[in-house]
There are 2 protein chains.
Amino acid sequence: MSPRIVEVRRDILKKNDLLARELRDGFAAAGVFVASMVSSPGAGKTALLEETLRRLRPSRRVAALVGDLATERDAERLARAGAPVRQISTGTVCHLDAEMIKGALDGWTLDDLDMLFIENVGNLVCPASYDLGEDLRVVLMSVTEGEDKPLKYPTIFNTADVAIITKIDMAGPARFDAGAARHNIREVRPGIEILELSTFTGDGFDAWLQLIASRADAR
Amino acid sequence: MSPRIVEVRRDILKKNDLLARELRDGFAAAGVFVASMVSSPGAGKTALLEETLRRLRPSRRVAALVGDLATERDAERLARAGAPVRQISTGTVCHLDAEMIKGALDGWTLDDLDMLFIENVGNLVCPASYDLGEDLRVVLMSVTEGEDKPLKYPTIFNTADVAIITKIDMAGPARFDAGAARHNIREVRPGIEILELSTFTGDGFDAWLQLIASRADAR
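S.K.: Would you take a moment to explain the overall build of chain A for this structure?
M.R.: If you tally the helices and strands in chain A, you get eight helices and seven strands. Considering only C-alpha atoms, chain A reaches an extent of 50 × 45 × 35 Å along its principal axes. Per-residue burial over chain A gives 57% buried out of 219 residues. Sequence-distant contacts in chain A: of pairs separated by 6 or more residues, those separated by 24 or more amount to 73%. Approximately 8,700 Å² of chain A is accessible, and the part contributed by carbon and sulfur atoms is 48%. Of the side chains in chain A, 28 bear a positive and 33 a negative charge, and the two mean positions are spaced by 2 Å.

The following block contains the structure:
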């Protein structure tokens with residue numbers, strides 16, 4: 001990139017960080033716990049989120065924002081869980097930013113929420129640099145993507161607080177090496193908590209819900 | 001994005017298009033057929049390319065350029081196929097561009113090649129806008145990513161010449177609906193040729209090699 005581009009990009013990121021801090025302060029003041037999800041396209045963010053909203057909703061006031069280039073499919077899927085959901089269409093932009101989050105929250109009363117989930121655009125590169133004001137950033141990686149992905153996309157794993165290995169019901173057919181995957185995740189992000197689950201079979205899902213609840217209660 | 005960013009981005013794309021045309025002319029003059037591959041991370045680009053190089057090498061002079069953010073893993077894997085391979089490290093940039101291709105070709109004599117394969121960074125958004133001077137752009141999508149991906153990432157499918165559905169050995173466990181996937185691909189890219197294959201089992205691989213050979217011979 002030319003020096004001019006780098007400079008423009010630095011300004012954008014600085015502006016984003018300031019706005020993200022403002023969002024974070026607002027979430028804290030309203031007592032809303034915010035978790036964001038990043039992953040490659042097709043790692044299972046929407047399925048995980050749909051089931052998470054469904055299972056949390058009896059006891060928590062939950063809502064979601066979902067980012068997508070073009071369609072409203074994810075919002076439609078998530079609305080089936082019965083929680084308030086808003087779609088953010090990014091056009092050709094490969095990530096969400098704090099300004100998009102702020103705009104999407106317009107008209108919502110944060111005091112009416114306990115938890116907000118943000119599903120980023122499916123991308124292992126672009127979302128890494130953009131703070132969205134979240135309390136917890138979760139990176140998902142499915143067993144079919146290959147164990148080397150943390151090494152190939154280190155920044156996104158390095159900026160995450162929790163890693164979830166998804167689709168473990170397909171670990172056998174995918175010849176997935178869980179030890180290698182865990183080793184690679186912790187090589188770029190030492191000490192990170194790693195969960196394994198299948199939204200389809202429900203295996204490992206309780207541990208994920210417990211993690212969310214305990215992180216929300218601890219803040 | 002601000003008007004200033006949009007303007008800078010337009011200048012970059014225009015510069016890229018001019019350089020891509022120069023590359024394309026150079027490839028044509030040297031008689032080199034160039035195919036590029038784009039997909040989500042983990043769709044199987046490197047595995048497909050490794051096997052493609054291995055099977056083409058007895059009869060064609062093949063080489064490959066592979067783009068990655070950080071590691072040289074793909075180049076190491078591909079070098080096992082015995083073909084000349086160069087890695088392009090993009091740092092934090094989420095796609096290859098024509099200038100990177102030109103730089104990576106430095107010192108190679110194009111007249112010594114019949115076919116050049118370019119593996120882009122794993123990303124369904126960023127690579128779409130960057131012409132690399134290739135003759136054929138191939139988009140890969142694995143059976144585990146979900147049949148809706150063409151609708152969610154239309155631009156990358158729309159700029160491709162051929163779509164390959166990979167990992168068909170996992171279609172059963174992934175509960176993959178081939179009809180829906182094909183319908184969605186053709187909704188954003190009417191008439192596009194669609195192949196299905198498994199690099200692991202070899203199913204469908206011959207049709208892919210035939211396609212490459214016939215496209216290369218037809219140019």
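Alright, that's what it looks like, and here's the rest.
S.K.: Just checking my understanding: could you explain the sheet that holds strand S6 (residues 162–166) of chain A for this structure?
M.R.: Remark on secondary structure: sheet strands pair via backbone hydrogen bonds, oriented parallel or antiparallel. Residue and element names in this part refer to chain A. Here we have seven strands laid out as an open sheet, ordered S3-S2-S4-S1-S5-S6-S7, and parallel in their pairing. If you trace the sheet from one side to the other, it starts and ends with strand S3 (85–89) and strand S7 (193–196), each paired once. Going from strand to strand, the sheet's axes swing by 20° on average, the running direction of each strand aside. Contacts from helix H2 (residues 45–56) reach strand S1 (33–38), strand S2 (62–68), strand S4 (115–119), strand S5 (136–142) and S6 within the one sheet, and its direction differs from that of S4 by about 170°.

S.K.: Sorry if this is basic, but what is going on with the state of the cysteines here?
M.R.: Between two cysteines, a covalent bond joining their sulfur atoms is known as a disulfide. Residue and element names in this part refer to chain A. Taken as a whole, this structure holds two disulfides over all chains when the rule is applied. Sulfur-sulfur distance for the disulfide between Cys94 and Cys126 comes to 2.3 Å. Taking the torsion about the S-S bond as the criterion, the Cys94 to Cys126 disulfide, at about -100°, is left-handed. Of this pair, Cys94 sits in the loop between S3 and helix H4 (98–104) while Cys126 sits in the loop between S4 and S5, and the two are 32 residues apart along the sequence.

S.K.: In this structure, what is going on with the pattern of salt bridges? I would like to understand it.
M.R.: For side chains bearing opposite charge, pairing can occur when the charged atoms are close. Following the criterion strictly, the structure yields 38 salt bridges over all chains and no others. Put simply, Arg182 of chain A and Glu196 of chain A hold a salt bridge, and the shortest N to O gap is 3.1 Å. Placement of the pair is Arg182 of chain A in helix H7 (residues 178–188) and Glu196 of chain A in strand S7, with a sequence separation of 14 residues. We note a salt bridge from Lys102 of chain B to Glu22 of chain B, for which the minimum N-O separation is 3.5 Å. Of this pair, Lys102 of chain B sits in helix H4 (residues 98–104) while Glu22 of chain B is found in helix H1 (residues 3–30), placing the two residues 80 residues apart along the sequence. We classify Lys102 of chain B as partly exposed; its relative accessible area is 43%. Here the salt bridges do not stand alone but share partners, grouping Glu50, Glu51, Arg54, Arg55, Arg80 and Asp206 of chain A into one network.

S.K.: How should I be thinking about the interface of chain B and chain A in this particular structure?
M.R.: Put simply, an interface is often sized by how much accessible area is lost when its parts join up. The partner chain A presents 42 residues to the 42 residues of chain B that form the contact. Taking both partners together, chain B and chain A bury about 3,400 Å²; carbon and sulfur atoms supply 59% of that area. It is Pro41, Lys152 and Arg175 of chain B that lose the most area in chain B upon contact with chain A, and together they represent 16% of the buried surface on that side. Applying the counting criterion to the chain B and chain A interface returns eight salt bridges. The shortest N-O distance in the salt bridge between Lys152 of chain A and Asp74 of chain B comes to 2.7 Å. The interface formed by chain B and chain A holds eleven residue pairs in polar contact (both at pLDDT 80 or more) in total. At the level of secondary structure, the elements contributing two or more residues to the side of chain B that touches chain A comprise H1, helix H3 (73–79) and helix H5 (149–152) of chain B. Of the residues forming the side of chain B that touches chain A, the biggest block, six residues, is contributed by H1 of chain B. Its residues placed into classes, the side of chain B that touches chain A shows 20 nonpolar, eight polar and 14 charged.

S.K.: In this structure, what is going on with helix H7 (residues 178–188) of chain B? I would like to understand it.
M.R.: Residue pairs three or four apart in sequence face the same way in an α-helix, which turns once every 3.6 residues. Residues and elements named next belong to chain B. The complete set of buried residues in H7 reads Ala181, Asn184, Ile185 and Val188. With its buried residues spanning 100° around the axis, H7 presents them on a single face. Next to the buried residues of H7 lie strand S5 (136–142), H5, helix H6 (154–158), strand S6 (162–166) and strand S7 (193–196). The N-terminus of H7 is capped by Asp177, whose side-chain oxygen sits 3.2 Å from the backbone nitrogen of Gly179.

S.K.: I keep staring at the sheet that holds S5 of chain B and nothing clicks. Help me out?
M.R.: Residue and element names in this part refer to chain B. Here seven strands make up an open sheet; going across it, the order is S3-S2-S4-S1-S5-S6-S7 and the pairing parallel. The open sheet is flanked by strand S3 (85–89) and S7, the only strands paired with a single partner. The average undirected angle you get between the axes of adjacent strands in this sheet is 20°. Across four bridges, the pairing between S6 and S7 is parallel. Bridge pairing in S7 links Ala163 to Ile194. Sheet strands in contact with helix H2 (residues 45–56) are strand S1 (33–38), strand S2 (62–68), strand S4 (115–119), S5 and S6, and its direction is about 170° off that of S4. Against the sheet, H7 touches S5, S6 and S7, its axis set at about 150° to S7.

S.K.: What is the right way to look at the environment of Phe157 of chain A in this model?
M.R.: Residues and elements named next belong to chain A. Within the secondary structure, Phe157 sits in helix H6 (residues 154–158). C-alpha separation for the pair Phe157 and Val125, spaced 32 residues apart in sequence, amounts to 9.9 Å. Not counting residues within four places of it along the chain, the set of residues in contact with Phe157 comprises Val139, Met141, Lys149, Pro150, Ile185, Val188, Arg189 and Ile192.

S.K.: How should I be thinking about the pairing of S3 of chain B in this particular structure?
M.R.: Each regular strand carries side chains that alternate between the two faces of the sheet. All names here are of chain B. Of the strand pairs in this sheet, S2 and S3 are connected by five bridges, and their pairing is parallel. Residue pairing in the sheet places Leu65 in a bridge with Arg86 of S3. In this view, the connection linking S2 to its parallel neighbour S3 by way of H3 has right-handed handedness.

S.K.: Just to check I follow, could you spell out the packing of aromatic side chains for this structure?
M.R.: Aromatic ring pairs are defined here through the distance separating the ring centres and the angle between the ring planes. Within the structure shown, the criterion is met by zero aromatic pairs over all chains. Just above the ring of Phe200 of chain B sits the side chain of Arg175 of chain A; from NZ or CZ to the centre is 3.3 Å.

Cut-offs and rules
Residues numbered from 1 in each chain as written. Chains lettered and ligands numbered in written order. Predicted model: local features only at pLDDT ≥ 70, side-chain atom pairs only at ≥ 80, totals over all residues. Heavy atoms only, no water. Helix = DSSP H or I, 4+ residues; strand = E, 2+ residues; numbered from the N terminus. Buried < 20%, exposed > 50% of the residue type's maximum accessible area, 1.4 Å probe, protein only. Contact = heavy atoms within 4.5 Å. Areas by Shrake-Rupley, 256 points an atom, 1.4 Å probe, with all protein chains shown as cover. Lys, Arg positive; Asp, Glu negative; His and termini not counted. Charge placed at Lys NZ, Arg CZ, Asp CG, Glu CD. Pairing = 2+ DSSP bridges. Axes fitted to C-alpha atoms, helices over the stretch in contact; angles between N-to-C directions. Disulfide = S-S within 2.5 Å. Salt bridge = Lys/Arg side-chain N within 4 Å of Asp/Glu carboxyl O. Buried area = accessible area lost by both parts, 1.4 Å probe. Polar contact = N/O pair within 3.5 Å; in protein donor to acceptor, adjacent residues only side chain to side chain. Nonpolar A, V, L, I, M, F, W, Y, C, P; charged D, E, K, R; others polar. Arc of directions from axis to C-beta. Right-handed = clockwise from strand over helix to strand, strands pointing away. Phe/Tyr/Trp six-rings, centres within 6.5 Å; stacked < 30°, edge-to-face > 60°. Lys NZ or Arg CZ within 6 Å of the ring centre and 35° of its normal.

Function cannot be inferred from these measures alone, as they are strictly geometric.
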